[in-house]
Amino acid sequence: MVFSGVMAAASVAGSFTAATPSLSTSAADTNYAKLLQYSLYFYDANMCGENSATGLSWRGDCHTQDEVKGGFHDAGDHAMFGLPQGYSAATLGWGYYEFKDAYDATGQGAHLKVITDDFCDFFRRSAKMNGNTITSFLYQKGDGNMDHNYWGPPEQQDASSRRMFWASGFGGDIAGEYAAALALNYLNFGNPDDLTYAKAYYDFASRNTAVATEGCSEFYKSSSSQDERAWAAGWLYLATKDEKYKNDCLSLQNPYPGWVHEWNTVDIGAASVAAHITGDWSKVNSYLGKECNGTNYKFILKWGSARYNANLQLCALVASKNSSADYTSWAKTQMEYITGDRAFANGQTHCLVVGFKPNASKNPHHRAASGTNSAAQENDGTPTKYSLIGALCGGPVDESGTYTDVRSDYVGNEVAVDYNAGFVGAAAGLYSVFKGGSIDTSIEGVTKIYGGSNPQPQETTTQPQQTTAPPQTQQPQQTTTTPQQGGDIVLTPADMSVGTEKGDDGETNNFAEFAPQGAKSATLYYKINSNDMNTSGAFGTWNGEWMQEDFTNIKVPADKIVAVDYVIPANVGQTVKAMVFWPHGDAVTIEKVVLHKDASTPTTTTTKDTPTTTTVPTTTTTAPPATTQPQNPDLHTLWGDANCDQRVTVADAVAILQSIGNKDKYRLSATGMANADVDGIEGVTPNDALVIQQVDAGIYSQSQLPLMWGKS
Ligand code: ZN
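Scope of this entry: the structure provided in the associated data block.

Rules of the game
Residues numbered from 1 in each chain as written. Predicted model: local features only at pLDDT ≥ 70, side-chain atom pairs only at ≥ 80, totals over all residues. Heavy atoms only, no water. Helix = DSSP H or I, 4+ residues; strand = E, 2+ residues; numbered from the N terminus. Buried < 20%, exposed > 50% of the residue type's maximum accessible area, 1.4 Å probe, protein only. Contact = heavy atoms within 4.5 Å. Axes fitted to C-alpha atoms, helices over the stretch in contact; angles between N-to-C directions. Parallel < 35°, antiparallel > 145°, perpendicular 65-115°, else oblique. Left-handed = near helix turned anticlockwise from the far one by under 90°. Nonpolar A, V, L, I, M, F, W, Y, C, P; charged D, E, K, R; others polar. Donors = N, O, S within 2.8 Å, 3.2 Å for Na, K, Ca; no water. Tetrahedral: all angles 85-135°; square planar, octahedral: opposite > 155°, others 65-115°. Salt bridge = Lys/Arg side-chain N within 4 Å of Asp/Glu carboxyl O. Pairing = 2+ DSSP bridges.

Moving on, we come to the side chain of glutamine 157. Structurally, glutamine 157 can be placed in the loop between helix H6 (144-148) and strand S4 (164-167). The exposure class of glutamine 157 is buried, given its relative accessible area of 12%. Every residue in contact with glutamine 157, bar those within four places of it in the chain, is listed here: His63, His78, Asp147 and Tyr150.

Contact geometry of helix H13 (residues 305-322) with helix H16 (residues 417-434) gives a least axis separation of 8 Å together with a crossing angle of 40 degrees. Judged on the interaxial angle alone, H16 and H13 are oblique. As for how H13 packs across H16, the hand of that crossing is left-handed. Contacts between H13 and H16 involve Arg307, Ala310, Asn311, Gln313, Leu314 and Leu317 from the former and Asp418, Tyr419, Gly422, Phe423, Gly425, Ala426, Gly429, Leu430 and Val433 from the latter. Looking at side-chain class alone, the contact of H13 with H16 contains eight nonpolar, five polar and two charged residues.

In this section: the coordination of the zinc ion. For the zinc ion, the full set of protein donor atoms is Cys48 (SG), Cys62 (SG), His63 (ND1) and His73 (NE2), and the range of their distances to it is 1.9 to 2.3 Å. Each of the four donor atoms bound to the zinc ion contributes to angles spanning 101 to 115 degrees, and the resulting shape is tetrahedral. Mapping the donors of the zinc ion onto the primary sequence gives the spacing C-x13-C-H-x9-H. Taken together, the residues span a long stretch of sequence, with cysteine 48 in the loop between helix H2 (32-45) and strand S1 (80-81) and histidine 73 in the loop between H2 and S1 at a distance of 25 residues. By relative accessible area, which is 2% here, histidine 73 ends up buried.

One pass over the full model with this rule turns up 21 salt bridges. Of the charged contacts in the structure, one is a salt bridge between glutamate 155 and arginine 59, with a shortest N-O distance of 2.6 Å. One end of the pair, glutamate 155, is in the loop between H6 and S4; the other, arginine 59, is in the loop between H2 and S1, with 96 residues separating them in the sequence. A relative accessible area of 30% means that glutamate 155 is categorised as partly exposed. Aspartate 341 is the salt-bridge partner of lysine 357, the closest N and O atoms lying 2.4 Å from each other. Of the two residues, lysine 357 is situated in the loop between helix H14 (328-338) and helix H15 (367-370) and aspartate 341 in the loop between H14 and H15; the sequence distance between them amounts to 16 residues. With a relative accessible area of 24%, lysine 357 lands in the partly exposed category. Given a relative accessible area of 31%, aspartate 341 falls into the partly exposed group. Ionic contacts of the salt-bridge type, sharing partners, join the residues Asp121, Arg124, Arg125 and Asp194 into one network.

Moving on to the sheet that holds strand S10 (residues 546-555). Judged by pairing direction, the sheet is antiparallel, and its five strands sit side by side in the order S6-S7-S12-S9-S10 without closing on themselves. Of all strands in the sheet, those bounded by a partner on one side alone are strand S6 (497-502) and S10. Within the sheet, the average angular offset between the axes of one strand and its neighbour, ignoring direction, is 20 degrees. Strand direction decides the pairing type here: strand S9 (residues 534-542) and strand S12 (residues 576-582), joined by six bridges, are antiparallel. In the strand pairing of S12, alanine 538 is matched with methionine 579.

What follows is the structure in structure tokens.
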């Protein structure tokens, strides 16, 4: 995190507490960690079938007589429509794929995985197969109009006669969305069944390109299946590296993707995944550059306007991450409208995220949350009984901000699985850029709080190198080991400036300040003297500006010795300050800092494209370090080409060093990160830059990259 010089100069002497995000964000800034946390619970509210996974006290099993149980209720009703269902699952997966760092840092990855696994499990069970070929699949449950005549809890709805709609010979739009969702879930979590069904649904979509109309045309009819097929093919290419999918993704692109990513039209999503493949974001940016500017509320359509707004934020944040364009402050401004931190043109503010603030919307058009059970109560003003945590309400019906929080307004105040999908991704993207805030440890009506460690990738048949290492926490920068190898310097408290100081929240924080001595990375060890389960802090350095990297919600291990890694930036200042914000004062004893001078020392990495790895000391660099299994396949295009200019030069080494030194400012693209990892040790480190310099000097040839065991 980089602060402006003036601000940093004023605060460099102090320490910074997790409880006061005012140093990383301005005082009025949104708590993005909490926003991401809350946004996911809407899916718990809309789970259908045997709902043991729901984290809400007021939801139970429903519609268990359905021919295929499960999936999610579409909106405030209880029908299941395949097109928004597939779109939502895929878009949720996309947000995780791009902003896994936000999920890791806030501990919300496990919740996201429960949701996308639930979607994908339903999609797999919805297919009738002949070998690996889908002959038909369930694309809708319930007739929309009949379903809408019922007003009451889903648990009490008699669904014994509700209609099941099967697609055979058509439905390429929905099959395409299911394929995209399954391919993304495979990329994110590695379940081989998801990939098998992604291929099968894609094959179905390619053979049956006509869109589904029966039963759904009044509600969700796609204009074409071409965009969904391009979108699915792109993710399938990244999952398989099979050229046929790449060719399909590129040839099916709409040349003019001039519309926001949404349930019907995923052209921008398809263009974005194509850009991941080619490295060329110009088409995406030609659209976003026109749309994402100014400070007015971006109003696209009146039915669920906040949904389109949030979808555009997601696209903008993805392009900002992967290209030279930067729409991050635009997206931040837009989210301020949605969270009630910025007044609309009419002077009113509305927090459209249920439960997020005391004055947030409370009366979305949603049967289950209303707690009412008769048609007469639908709009009679009976207060809403349950808080529909995290639901994004439809939003203003015009540009000026006209909005009323009443249950009867299904244009401005409905909620839906597709409304929240882009919103979840935007919340993660904003956290990824701006950080700030913390998750809540208790929420009204919520029985499952996610936090701390993240989901382990499932074992897969396609990645045979599963190690026998014990499960390792995927918190960024956490290490579970004690590297003590050649090139390490151990600094005891006597070797450093160690003490306590008051943080911005008035609490006593611990710190240790030390000179980096040319080391590539450092590990801070400290003991927890209390019963606290989690700990947070930061590393910072002053080099003309204050650069701080926070670590949050690190789990305290059984032996109460916490070890946290820090990749020392290439442009580090004279000293590094390690700070522990929580627990406070006497509850923490700083034990030592180990400086790793040896570039071959495996260090924790938190890169986007490789799985989070944890430090494991190895006595020889030829043995692969134990890591969690790669969740994403290899994205590399040209080994060493970190800046994706199709050449390997010193500029690539510079790009790597810059990205390590200041990853907010100089971020490598997904492909660039993959290309950069050439030294045979998982993760992009200064050693990769060194290897590229050696290629430039003729010591190695490019064809020898990656060195040693490399990536598989
Ligand atoms: Zn249900």
